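One-letter residues, chain by chain:
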Amino acid sequence: QQQVKQSPQSLIVQKGGIPIINCAYENTAFDYFPWYQQFPGKGPALLIAIRPDVSEKKEGRFTISFNKSAKQFSLHIMDSQPGDSATYFCAASKSYTGNQFYFGTGTSLTVIP
Amino acid sequence: GAVVSQHPSWVICKSGTSVKIECRSLDFQATTMFWYRQFPKQSLMLMATSNEGSKATYEQGVEKDKFLINHASLTLSTLTVTSAHPEDSSFYICSARRDIRNEQYFGPGTRLTVT
C-alpha cells in the first residue's frame, strides 16, 4: 500500500514557469515531510522539508505548502530553470522513532529553455 | 555538512561472485542507515534498515541471506550482495539518518552490473 501518493508522474514547463508537485498521505502520525531532488545516476539530495506546525516553508526558489487537514503537501519551484530538470520525490516519516521514510513515486520535471 | 559517501560508485562482477558496498557518513554519526534499491525511472525501494551494533531489519521479500548488512560503527554500514545474479543488477543507494533532526541524507549510489 502506497503510504504517500505523488502526482503528476511527469511535468514539462517553460523556463520561468512555476511547476507544482503534489503529495498526499494517510497516516496522521507522520510529522516530517521532506522533498528530495535526484539527477540521473546520482543519489537523492535533500531539498527542503517541513513539519506540520507550519503551513508554508520557503528556501530560495523552493516552497513547500502544507495542508494538515487535507493531509496534503506540495512543492512549488519559482522561476524554474533548465538546471532544475530532475526527478523530485516527496517523503513522510514519524520523527524521533527511527522509523523509515515513505517515499512518493517521483515526478520527472523537465524545464524547457 | 551531512555528507554521505558510497564506494564503489559502480561495479561490474560475474555471476556467482559477491560484492561489498560501503556507506559512510562523513561528518555526522548515524545510528540508523538505510539501504535502497532503485530501478530505472522508479522510486526508491527500501531493502533494509541498518542499526549500529544490532541486526538489520529487512523489508518483506528481501532475502537477508543474499543481502548481508553490517553496521559496524556509527559512520559505516556495508551491504554485501552474495552470489550475485544478473537480476541483482540495479542502482543501490544508502542513506544515513541524522538523529537529532530526523533528516535522512543519501549517498551518491552504486551501480551494480552482474554479467
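A brief look at the structure comes next. (Residues numbered from 1 in each chain as written. Chains lettered and ligands numbered in written order. Predicted model: local features only at pLDDT ≥ 70, side-chain atom pairs only at ≥ 80, totals over all residues. Heavy atoms only, no water.)

1. Some points on the interface of chain A and chain B
Stage number 1. Taken together, the contacts link 22 residues of chain A with 20 residues of chain B.
Stage number 2. Buried area between chain A and chain B, summed over both chains or domains, comes out near 1,600 Å², and the portion from carbon and sulfur atoms is 54%.
Stage number 3. Remark: the boundary between chain A and chain B carries zero salt bridges.
Stage number 4. On inspection of chain A and its partner chain B, the count reaches four residue pairs in polar contact (both at pLDDT 80 or more). (Contact = heavy atoms within 4.5 Å. Buried area = accessible area lost by both parts, 1.4 Å probe. Salt bridge = Lys/Arg side-chain N within 4 Å of Asp/Glu carboxyl O. Polar contact = N/O pair within 3.5 Å; in protein donor to acceptor, adjacent residues only side chain to side chain.)

2. A word on the packing of aromatic side chains
Residue and element names in this part refer to chain A.
Stage number 1. With the rule as written, the count across this model stands at 19 aromatic pairs over all chains.
Stage number 2. Between W35 and F73, the aromatic rings sit 5.7 Å apart at their centres with planes inclined by 70°, giving edge-to-face as the arrangement. Note that W35 is positioned in strand β4 (residues 33–38) and F73 in strand β8 (residues 72–77), a separation of 38 residues in sequence.
Stage number 3. For W35, a relative accessible area of 0% corresponds to the buried category.
Stage number 4. The interplanar angle of 55° and the centroid separation of 5.7 Å between the aromatic rings of Y36 and F103 together place this pair among those described as tilted. You can see Y36 sitting in strand β4 and its partner F103 sitting in strand β10 (residues 102–103), a full 67 residues away along the chain. With respect to burial, Y36 and F103 carry one shared label: buried.
Stage number 5. Here the aromatic cluster, defined as three or more aromatic residues joined through ring pairs, consists of Y25, F30, F33, W35, F66, F73 and Y102. (Phe/Tyr/Trp six-rings, centres within 6.5 Å; stacked < 30°, edge-to-face > 60°. Helix = DSSP H or I, 4+ residues; strand = E, 2+ residues; numbered from the N terminus. Buried < 20%, exposed > 50% of the residue type's maximum accessible area, 1.4 Å probe, protein only.)

3. Points about the pairing of strand β7 (residues 62–67) of chain A
Residues and elements named next belong to chain A.
Stage number 1. For strand β6 (residues 56–59) and β7, the ladder comprises four bridges, and the chain directions are antiparallel. Across the sheet, residue E59 finds its bridge partner in β7, namely F62.
Stage number 2. Between the end of β6 and the start of β7, which pair antiparallel, lie two residues, with G60 showing a positive phi angle near 65°.
Stage number 3. Relative to β8, β7 runs antiparallel, the two being bridged by six bridges. Counted as the bridge partner of N67 is Q72 from β8.
Stage number 4. Hairpin connection between β7 and β8: a loop of four residues separates the two successive antiparallel strands, and K71 in this loop has a positive phi of roughly 55°. (Pairing = 2+ DSSP bridges.)

4. Re the pattern of salt bridges
Stage number 1. Per the stated rule, a full pass over the model turns up six salt bridges over all chains.
Stage number 2. Linking K57 of chain A and E59 of chain A is a salt bridge whose minimum nitrogen-to-oxygen distance equals 3.6 Å.
Stage number 3. Note on K57 of chain A: relative accessible area 31%, which makes it partly exposed.
Stage number 4. For R98 of chain B, the salt bridge identified is with E103 of chain B, shortest N-O distance 3.0 Å.

5. Focus: the sheet that holds β6 of chain A
Residue and element names in this part refer to chain A.
Stage number 1. Sheet architecture is open: five strands sit in the order β1-β3-β8-β7-β6, paired in antiparallel fashion. Taken across any chain shown, the strands that pair with only one partner, and hence form the sheet edges, are β1 (4–7) and β6. When strand polarity is set aside, the average angle formed by the axes of neighbouring strands in this sheet is 15°.
Stage number 2. Examined bridge by bridge, strand β3 (residues 20–25) and β8 share five bridges and lie antiparallel to one another. Residue pairing in the sheet places N22 in a bridge with S74 of β8. (Axes fitted to C-alpha atoms, helices over the stretch in contact; angles between N-to-C directions.)

6. Section: the state of the cysteines
Such a bond, covalent and formed between the sulfur atoms of two cysteines, is termed a disulfide.
All names here are of chain B.
Stage number 1. Under the definition given, this model contains two disulfides over all chains.
Stage number 2. One disulfide bridge connects C23 with C94, the sulfur atoms lying 2.0 Å from each other. Where C23 bonds to C94 through sulfur, the torsion about that S-S bond is close to 80°, and the disulfide is right-handed. Of this pair, C23 sits in strand β3 (residues 19–25) while C94 sits in strand β9 (residues 90–98); the two residues are 71 residues apart in sequence, bridging distant segments of the chain. You'll find C23 and C94 in the same group, each marked buried.
Stage number 3. Considering cysteine sulfurs only, C94 is the nearest to C13, which forms no disulfide, with 18 Å between them. (Disulfide = S-S within 2.5 Å.)

7. A closer look at the layout of surface pockets
Stage number 1. Taken as a whole, the largest pocket encloses approximately 530 Å³ of empty space.
Stage number 2. Lining the largest pocket are 25 residues; nearest its centre among them are Q38 and T87 of chain A together with P40, K41 and Q42 of chain B.
Stage number 3. Within the residue set of the lining of the largest pocket, elements represented by two or more residues are β9 (86–92) and β11 (107–112) of chain A.
Stage number 4. Among the elements that line the lining of the largest pocket, the one with the most residues is β11 of chain A, at four residues.
Stage number 5. Partitioned by chemical class, the residues of the lining of the largest pocket number eight nonpolar, 14 polar and three charged.
Stage number 6. The volume enclosed by the second largest pocket comes to roughly 420 Å³.
Stage number 7. Forming the walls of the second largest pocket are 17 residues, and the residues nearest its centre are Q100 and Y102 of chain A together with L44, M45 and L46 of chain B.
Stage number 8. Among the elements of the structure, β10 of chain A together with β5 (44–51) of chain B are those that each provide at least two residues to the lining of the second largest pocket.
Stage number 9. Per-element tally for the lining of the second largest pocket: the top contributor is β5 of chain B, with three residues. (1 Å grid on protein atoms, 1.4 Å probe; cavity = no way out; pocket = protein on both sides within 12 Å on 5 of 7 lines; lining within 4 Å. Points joined across faces, edges and corners; volume = space filled by probe spheres on them. Nonpolar A, V, L, I, M, F, W, Y, C, P; charged D, E, K, R; others polar.)

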